[in-house]
Amino acid sequence: MRKAVVGIGAVFTVLLLAAVLTGQWLQRTLTAAGLEQLHWQQLRWTDGALWLGEASGVQVTEQGRLGFRLDGVRLQPAWRDGPRIERLLIDKLQLVWQPAQQLPQREAEADWQLPDLGQLAGPLAWLPAELAVRRLLVQLPCENQFCELQGALQLAAEQQPLTLAAQLELQADEQRVHGQLQLREDAGAYLLQADLELPQPLPLAGLGELSGHLQLDLENRGDQWLLHAGQLDGRLAQPQFEALNVLPVELRPATIAVRITPQPGSLATWRETIPLTMQVEVEGELNGQLDTLLELGSQPQWQARLRDGRLQLEAPRLALSGLQARTVRLDWPMLAHISQEQLTLQLGKGALVTAQSLRLPDAGLHLAGVRADLGEASLTLPLAVPDQLQLNAPLRLGTTRLEHAALKPQGWNLNGRLQQSPTGLTLDGSLAALSGLNADLQLNWPGGQPWRLQASLQEIFLRAADPLAATFTDWPALLSFSSGRITGELHATGHSGLERLTGKLSLTGGQGIYDRASFTGLSLPLEMGLHNEQLQLDTDALRITSLDPGLPLGPLQASGRYRAALSEPASGALDVRSASIGVLDGRVVLEPARLDLGQARQTLVAVVEGVELARLFEVYPAEGLSGQGTLDGRFPISLVDGNLVIADGRLQAREPGVLRYQAEQLRELAASNPNLEQLALALDNFQYQVLASDLSYDEQGVLVLGLRLEGSNPAFQQGRPVHLNIRLEEDIPALLTSLQLTGQVNEIIRKRVEQFYLQRRSP
């Protein structure tokens, strides 16, 4: 008896240990399959069947988390021709699905491969001959809640040959899911037919509102698949793909519709490809479609190729950050390849983006007739490291009309090459206006560092056509060149926007007209800078060989610096370091000064050095007046609202000289006036010891000289000393006009002089 008890105990212990080990093996097996939190209760054997009151658990995969609960499970086995499940009935099956986006991240699973159905024949043979779920509840995440669908599932199976037939029906209000699956073994091959239909949009969290129809007819022989027929018509409203978040909100589609039709008889191994015809349509702010031949392959991993693709998009209006566009069209012939590692894209010839108009209100820019040709551009994007993107794009950008307050409306073109690599962005190209203004551009933007732009102005030869005058709005309307050469270079840098700009411009050999004055030998080296919205212009060697406003002047030399806020470029401060101009064999020099052009009045001091009276009387149209002497002087100059004003100026002769006034008109007047007779005799050959003058010049252009003369005429009253005080007035603009009308001047100047003369004479 004691041995029997021991034997029973030993058997019980072995069975208990086997049960524990079996339970642990089953737990590990279920865990490896992704099953977690598995619970069941009310397990019993009744009437030749296994009954389970309820069971629940969770399966977690890379795609998401599926929670399940079964109630009223009846499993009836059969023993003919070996053990199998005859019938599996479930009163209620509840499924709750959460996509991976709503779960903590898990370690990535191994790449999935298309299965060999022959390898699944054994496990499939264990399916029950009949499986029915009388009440199926499926909960799917919708917007801020779960949507619940109710229906039923039925499955029938036979072992020899293997045959499966399944049908799924789900319903929730107007939403309905209908699915059918048939699998049949036939002479070593497996024939698979599937049909899934969602006639009404079904809201799915992380995806959108999905509707459509999928139909497949496949044949499998090991790793070979034959696609007899198939079609996918899918529509996704309000898509929620995470990949779309990289696009601006205005460019995200409201609806995506996909239609895929396999090519008939597309026999291929999954080491090769299956060709599919694909059409994708998008609706939203941007509307359009992609038509392409899609080639799918699985070896050595899943990949897809787009061949003979054409992407066409159109938007009547687009309002992006800082940009407003009308009638935008994109037309791209393209090739593409995507795998688990990277995306590559190649645009064909004639890949265009056009827009009827573009506005950048913050920059004050308006462009019409915009055209961008990106043909033969290529892009490589490693999906795991997007910052390693590589782009190589020829650029051919143009606009038929560019409008900006600083520029005259006209067409512009940019041609070059844009490259993006892990080290940064580069652009090499040329910018050209229809006016003839051209510049070579080099942009370099290293990753994480400021961008740098160099613009080299192509040589401008100033002839009859002046590119500068035809380009810039503020170019002086009265300034025109007949010859000259301009070169220049600009350097700019910044992070998000422009932070600093420096550059040099050089004008040499300038000849032309400004207002009613001609000039020759203009040379202007100019350095410019822009920093913190402050503009600075600097020159050390402005020179004009000759200047003729009616009176020959020159040479002119000057150096100075101009500073102004970019918002008020005409109201800055001018530092005059030096300035001088040749006048009548002498010169006039400006003392260093600072002028605030934002004020109504500025003041300078001019110093007259070595002006020759003989040269003055050569150009001054006064009959019978001549003399010799050298004049010096000093007088303050004020600029009042742009008009020249002189007050309290002084001129005086450097040493004794001679004045002669031998006009016939004076002799005729002296014949009847004794006083004038004495004056005429004295001025016939007046040898002065003192010649001094007060000088003033008003805003109307009237010059007033208060002359003081001290000296004698040896032939008048035995050289008796004579003191004379004479007041002279002269309308300088009228005088210069008279000189120009009587001299040999350019026809342009003559017309401007005549117009000026008529305007002064009109009341």
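Procedures and definitions
Residues numbered from 1 in each chain as written. Predicted model: local features only at pLDDT ≥ 70, side-chain atom pairs only at ≥ 80, totals over all residues. Heavy atoms only, no water. Helix = DSSP H or I, 4+ residues; strand = E, 2+ residues; numbered from the N terminus. Areas by Shrake-Rupley, 256 points an atom, 1.4 Å probe, with all protein chains shown as cover. Buried < 20%, exposed > 50% of the residue type's maximum accessible area, 1.4 Å probe, protein only. Polar contact = N/O pair within 3.5 Å; in protein donor to acceptor, adjacent residues only side chain to side chain. Contact = heavy atoms within 4.5 Å. Arc of directions from axis to C-beta. Phe/Tyr/Trp six-rings, centres within 6.5 Å; stacked < 30°, edge-to-face > 60°. Salt bridge = Lys/Arg side-chain N within 4 Å of Asp/Glu carboxyl O. pLDDT = per-residue confidence, 0-100. Pairing = 2+ DSSP bridges. Patch = residues over 30% accessible without salt bridge, like charges linked within 9 Å, V, L, I, M, F, W, Y side chains within 5 Å.

## A closer look at the overall build of the chain
Right, so step 1: For the chain, the helix and strand inventory stands at 7 helices and 43 strands.
Right, so step 2: As displayed, the chain offers around 43,900 Å² of accessible surface, 56% of which is attributable to carbon and sulfur atoms.

## A look at the side chain of Thr292
Right, so step 1: Looking at the element boundaries, Thr292 is found in strand E15 (residues 287–297).
Right, so step 2: Overall, Thr292 belongs to the buried group, its relative accessible area being 6%.
Right, so step 3: A polar contact is formed between the side chain of Thr292 and the backbone oxygen of Arg307, at a distance of 3.0 Å.
Right, so step 4: With residues up to four places along the chain from it excluded, the contact list for Thr292 reads Leu276, Thr277, Met278, Leu306, Arg307, Asp308 and Gly309.

## Some details on helix H5 (residues 674–683)
Right, so step 1: When we look at burial in H5, the residues that qualify are Ala680, Ala682 and Leu683. Down the axis of H5, the buried set is contained in an arc of 165°. They therefore lie on one face.

## With respect to the environment of Leu347
Right, so step 1: Its location among the elements puts Leu347 in strand E18 (residues 342–347).
Right, so step 2: Between the alpha carbons of Leu347 and Leu379 there is a distance of 8.8 Å; along the sequence they are 32 residues apart.

## Observations regarding the packing of aromatic side chains
Right, so step 1: Applying the stated criterion across every chain yields a total of 2 aromatic pairs.
Right, so step 2: Pairing Trp475 with Phe481 gives two aromatic rings, centres 6.4 Å apart and planes at 45°, and the pair type is tilted.
Right, so step 3: What makes Trp475 partly exposed here is its relative accessible area of 23%.
Right, so step 4: Pairing Phe481 with Phe519 gives two aromatic rings, centres 5.8 Å apart and planes at 80°, and the pair type is edge-to-face. Placement of Phe481 in strand E27 (residues 479–494) and of Phe519 in strand E29 (residues 517–531) is noted, with a sequence separation of 38 residues between them.
Right, so step 5: Taking the relative accessible area as the measure of exposure, Phe481 reaches 8% and is therefore buried.
Right, so step 6: An aromatic cluster of at least three residues, connected via ring pairs, comprises Trp475, Phe481 and Phe519.

## Observations concerning the pattern of salt bridges
Right, so step 1: In the structure shown here, the tally under the stated rule is 25 salt bridges.
Right, so step 2: Asp331 serves as the salt-bridge partner of Arg310, at 3.1 Å between the closest nitrogen and oxygen. In this pair, Arg310 is assigned in strand E16 (residues 303–320) and Asp331 in strand E17 (residues 323–339), connecting sequence segments 21 residues apart.
Right, so step 3: Asp331 gets classed as partly exposed once you look at its relative accessible area, which sits at 24%.
Right, so step 4: The salt bridge partner of Glu403 is Arg401, with a shortest N-O separation of 2.7 Å.
Right, so step 5: Its relative accessible area of 38% is what places Arg401 among the partly exposed residues.
Right, so step 6: Residues joined in a network through salt bridges with shared partners are Asp538, Asp540, Arg561 and Arg577.

## What to know about the confidence of the model for the chain
Right, so step 1: Residues of the chain with pLDDT of at least 70 account for 84%, and the chain-wide mean is 82.
Right, so step 2: The model gives residues 1–30 a pLDDT under 50, and that stretch makes 2 contacts with residues more than four places away or in other chains.

## Description of the environment of Phe686
Right, so step 1: Within the secondary structure, Phe686 is located in strand E41 (residues 686–697).
Right, so step 2: For the pair Phe686 and Val658, spaced 28 residues apart in the sequence, the C-alpha separation amounts to 5.7 Å.

## Looking at the pairing of E16
Right, so step 1: Of the strand pairs in this sheet, E15 and E16 are connected by 10 bridges, and their pairing is antiparallel. Bridge pairing in E16 links Leu296 to Ala304.

## Quick word on the side chain of Ser357
Right, so step 1: For Ser357, the location among the structural elements is in strand E19 (residues 352–360).
Right, so step 2: If near-sequence neighbours (up to four positions away) are discounted, Ser357 is found in contact with Gln324, Ala325, Arg326, His366, Leu367 and Ala368.

## Observations concerning unusual backbone geometry
Right, so step 1: A cis amide bond, omega 0°, links Gly554 with the succeeding residue Pro555.
Right, so step 2: Here Pro555 shows up in strand E32 (residues 553–565).
Right, so step 3: The phi torsion at Thr327 lies on the positive side, around 50°, for a residue other than glycine.
Right, so step 4: Checked against the element boundaries, Thr327 lands in strand E17.
Right, so step 5: Even without being a glycine, Asn532 presents a positive backbone phi close to 50°.
Right, so step 6: Of note, Asn532 is situated in the loop between E29 and strand E30 (534–544).
Right, so step 7: Residue Asn532 is classed as exposed on the basis of its relative accessible area of 57%.

## Quick word on a nonpolar patch on the surface
Right, so step 1: A surface patch of nonpolar side chains, about 460 Å² in accessible area, is lined by Trp40, Leu43, Trp45 and Leu50.
Right, so step 2: For the nonpolar patch, the leading source of residues is strand E1 (residues 35–46), giving 3 residues.
Right, so step 3: Structurally, Trp40 is set in strand E1.

## So, the environment of Leu604
Right, so step 1: Considering the arrangement of structural elements, one finds Leu604 in strand E36 (residues 601–612).
Right, so step 2: Put simply, Leu604 and Pro592 are 12 residues apart on the chain and 8.2 Å apart in space, counted from C-alpha to C-alpha.
Right, so step 3: In this structure Leu604 touches Leu590, Ala593, Leu595, Phe635, Pro636 and Ile637, once residues within four positions along its chain are discounted.

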